[in-house]
Amino acid sequence: MHILERALLLVLMQLCFFMTNAQDDSALDDYVRIYRKYLHRDSADGGCAMYPSCSQYGLMVFEDCYFPNAMVYMADRMIRCGHDFDYYDLTLQNGQIRMLDYPPYLFVPKHYVYAPKEYYAYTDWREKQDSIMLFINKLVNMHRYREALFEIERLQTAQPSLPVQVLVNKLICYKGIGWEEEAIYDYEMHFPLSAKQTPDVAFEMIDLLFQMENYTMAQSILDKISFIDNQVDARKYAWKGIFFATERNWDAANYSFSLLAQYQPDVCRDKKNVELIQEAANLHYKKPWFAASLSIIPGVGYLYTGRPKSALTSLIMNSLLGYAVYTSIKRENYGVAALLGVFNLSFYIGNISGAKRSAQRYNQQKLKRIQSALYENNRFIY
C-alpha cells in the first residue's frame, strides 16, 4: 500500500468523524467502501499484505474505540503495513498467505494462525497388523485424515474395543483436521480407561492439548504417566522440559533435558537443547518504555526494535505531514492546518505507542521461536 493511499484512508475517516460527530456508523462504512473500491481494492483481490486489511482494521478500531484511540491505532497500522514479515504470525485467507495483525486489544483465535499440519501414522508392531489397520495407516500417511477417521469410526462400530494403535491414530486424525475440541470430548467420554492409561495414547493426547495451549490438562495427564522403562521415562522428561520452557523456567527445563539425555542419549538433539536453553537464558529483551522514549524522534523506536522499514515509513510520514501543517499555516489556511495537525498528531502518537508494542512483539517472537524450537526438537521421541 502506498503512503498516499494510507494518508487518504485516514483523511477519509477523519472527515467522516467531523461530518458525523462519530455517531453515524453507516457514514464511516461508506467512506471506507469508497477507499476500498477506488483507492485500494483489498476486498476483491486480497492485495493488502496483512489480515485484516487496513480498511477492515480501520472499521474495527473506529467501531470499538473512542475516536482519538482509533486514530492512533490506524496510524500505527499504516506505518507497519506490509513491513517486517518475521514479526507476525501468518494466516491463510482466501488461498493467500497474509500477516496476521489484529488490533492489540482483541484476542486472536488460534485457528487463524497458519500452521501446516502434516502428521504420520503411529504403528505399534507389537500389535497384529491386519489389513484395516494398515489401510488406516496409509490414509494417515497420505494426510487424508477425514477418510482415516471415517474408517476408524466404522471399525469402532463393529469393534467397540479398539487397539491402542488405532486410538492413537484417531487422535492424530483429529489434530490433522483441526478438531481438537472433538478430540477432547471423544477422549473423555469414549476412550476406555485402560487405553487412557497407556503411555502412547497419553503422550498423543498431551501433544494435542499442548498445541491447543491447554497446558493445565496436558500436564495433569503427564503427571499420571508412571515411570515404566527408559523409553517412557525419556518421553516424560522431554515433555517436562517442554512445559518448563513454556513457563520460562529455564533451569528446570535444562534439568529435565539433562535427564532425557541420560535415559535416551542423542548427541545432536541434546546439544541443540543446551544451545537453546543458553540462548533463552541470555536473551536480551527490548524495553518497551525505552522504545517509546526513542520515538520522540519518529521512527527511532521502530529502529531499536529491529524494524527498519517501519522506522523509515514513520519518519517519512511524520515529516511530510509536519511539513504540510507548516505550509498550511504559512499560507494562512488555518482550517486545513488544523485538520492536518490532528492527522499529524495521530501519526506521531501512533509512532510512539506503536514502537512500544513493537518491542513487546519483538520479545514475544524471540521467546516463541526458542520455545517452538525446543518443542520440535524433543516431541519426536519413541
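Everything numeric in this text was worked out from a predicted model, so none of it was measured. (Residues numbered from 1 in each chain as written. Predicted model: local features only at pLDDT ≥ 70, side-chain atom pairs only at ≥ 80, totals over all residues. Heavy atoms only, no water.)

Draft legend 1. Spotlight on the overall build of the protein. Check the secondary structure of the protein and you find 19 helices and three strands. When each of the 382 residues of the protein is scored for burial, the buried share is 48%. Within the protein, residue pairs in contact and separated by at least 24 positions form 63% of the contacts whose partners lie at least 6 positions apart. Only carbon and sulfur atoms are counted for the fraction: they give 56% of the accessible area of the protein, which is about 20000 Å². (Helix = DSSP H or I, 4+ residues; strand = E, 2+ residues; numbered from the N terminus. Buried < 20%, exposed > 50% of the residue type's maximum accessible area, 1.4 Å probe, protein only. Contact = heavy atoms within 4.5 Å. Areas by Shrake-Rupley, 256 points an atom, 1.4 Å probe, with all protein chains shown as cover.)

Draft legend 2. A look at the side chain of lysine 175. If you trace the backbone, lysine 175 turns up in helix H8 (residues 164–177). Residue classification places lysine 175 among the buried residues on the basis of a relative accessible area of 3%. Beyond its immediate sequence surroundings of up to four residues, lysine 175 is in contact with Lys117, Tyr119, Glu180, Glu204, Asp207, Leu208 and Gln211.

Draft legend 3. A look at the nonpolar core. Counting residues in hydrophobic clusters, the biggest one holds 62 residues, and the most contacted among them are Ile206 and Trp239. Among the elements that make up this core, the one with the highest residue count is H8 (nine residues). In this structure, tryptophan 239 is in contact with Phe203, Ile206, Asp207, Phe210, Leu222, Tyr375 and Arg379, ignoring residues within four places of it in sequence. Counting residues in hydrophobic clusters, the runner-up holds 20 residues, among them Val61, Phe62, Ala75 and Val325. (Core = buried A, V, L, I, M, F, W, Y, C linked by side-chain atoms within 4.5 Å.)

Draft legend 4. Representation of the sheet that holds strand S3 (residues 96–100) in the model. Read from one edge to the other, the open sheet built from three strands follows the order S1-S3-S2, with strand pairing classed as mixed. The outermost strands of the open sheet, each flanked by one partner alone, are strand S1 (50–51) and strand S2 (90–93). (Pairing = 2+ DSSP bridges.)

Draft legend 5. Just the side chain of serine 328, in detail. Along the chain, the position of serine 328 falls in helix H18 (residues 308–330). Look past the residues within four positions of serine 328 in its chain and what remains in contact with it is Asn333, Val336, Ala337 and Leu340.

Draft legend 6. View of helix H14 (residues 250–263). Over its 14 residues, H14 runs 20 Å from end to end, which matches the ideal 20 Å to within 8%, given 1.5 Å per residue. Of the positions making up H14, those classed as buried are Trp250, Ala252, Ala253, Ser256, Phe257, Leu259 and Leu260. The secondary structure elements touched by the buried residues of H14 are helix H13 (230–246), helix H15 (267–281) and helix H19 (334–378). (Expected span 1.5 Å × (residues − 1).)

Draft legend 7. Layout of the pattern of salt bridges. Overall, the coordinates contain 18 salt bridges when judged by the stated rule. When the shortest N-O distance is used, the salt bridge between arginine 361 and aspartate 101 registers 3.8 Å. Of this pair, arginine 361 sits in helix H19 while aspartate 101 sits in the loop between S3 and helix H6 (131–141); the two residues are 260 residues apart in sequence, bridging distant segments of the chain. The class for arginine 361 is buried, based on a relative accessible area of 15%. Glutamate 376 is paired through a salt bridge with arginine 379; the nearest N and O atoms lie 3.5 Å apart. The exposure class assigned to glutamate 376 is partly exposed, which follows from its relative accessible area of 44%. A relative accessible area of 17% means that arginine 379 is categorised as buried. What emerges from the salt-bridge pattern is a single network uniting Asp76, Arg77, Arg80, Asp101, Arg357 and Arg361. (Salt bridge = Lys/Arg side-chain N within 4 Å of Asp/Glu carboxyl O.)

Draft legend 8. Just the environment of glutamate 180, in detail. Looking at the element boundaries, glutamate 180 is found in helix H9 (residues 180–190). It is 9.8 Å that separates the C-alpha atoms of glutamate 180 and methionine 205, two residues lying 25 residues apart in sequence. Once residues within four sequence positions are removed from consideration, glutamate 180 is found in contact with Lys117, Tyr174, Lys175, Leu208 and Met212.

Draft legend 9. Region of the structure containing the packing of aromatic side chains. According to the stated counting rule, one finds 19 aromatic pairs in the structure shown. Aromatic pair phenylalanine 210 and tyrosine 215: ring centres 5.4 Å apart, planes at 50°, arrangement tilted. In this structure phenylalanine 210 comes out as buried when scored by relative accessible area, which is 10%. The exposure class of tyrosine 215 is partly exposed, given its relative accessible area of 28%. With a centroid separation of 5.6 Å and 70° between ring planes, the pair formed by phenylalanine 210 and phenylalanine 243 is classed as edge-to-face. On the criterion of sequence distance, the pair formed by phenylalanine 210 in helix H11 (residues 199–211) and phenylalanine 243 in helix H13 is long-range, its members being 33 residues apart. When sorted by exposure, phenylalanine 210 lands in the same class as phenylalanine 243, which is buried. Feature note: the residues Phe210, Tyr215, Trp239, Phe243 and Tyr375 constitute an aromatic cluster, connected by ring pairs. Positioned over the ring face of tyrosine 119 is lysine 175, at 4.6 Å from the centre of the ring. (Phe/Tyr/Trp six-rings, centres within 6.5 Å; stacked < 30°, edge-to-face > 60°. Lys NZ or Arg CZ within 6 Å of the ring centre and 35° of its normal.)

Shape is all these values report; function is a separate question.
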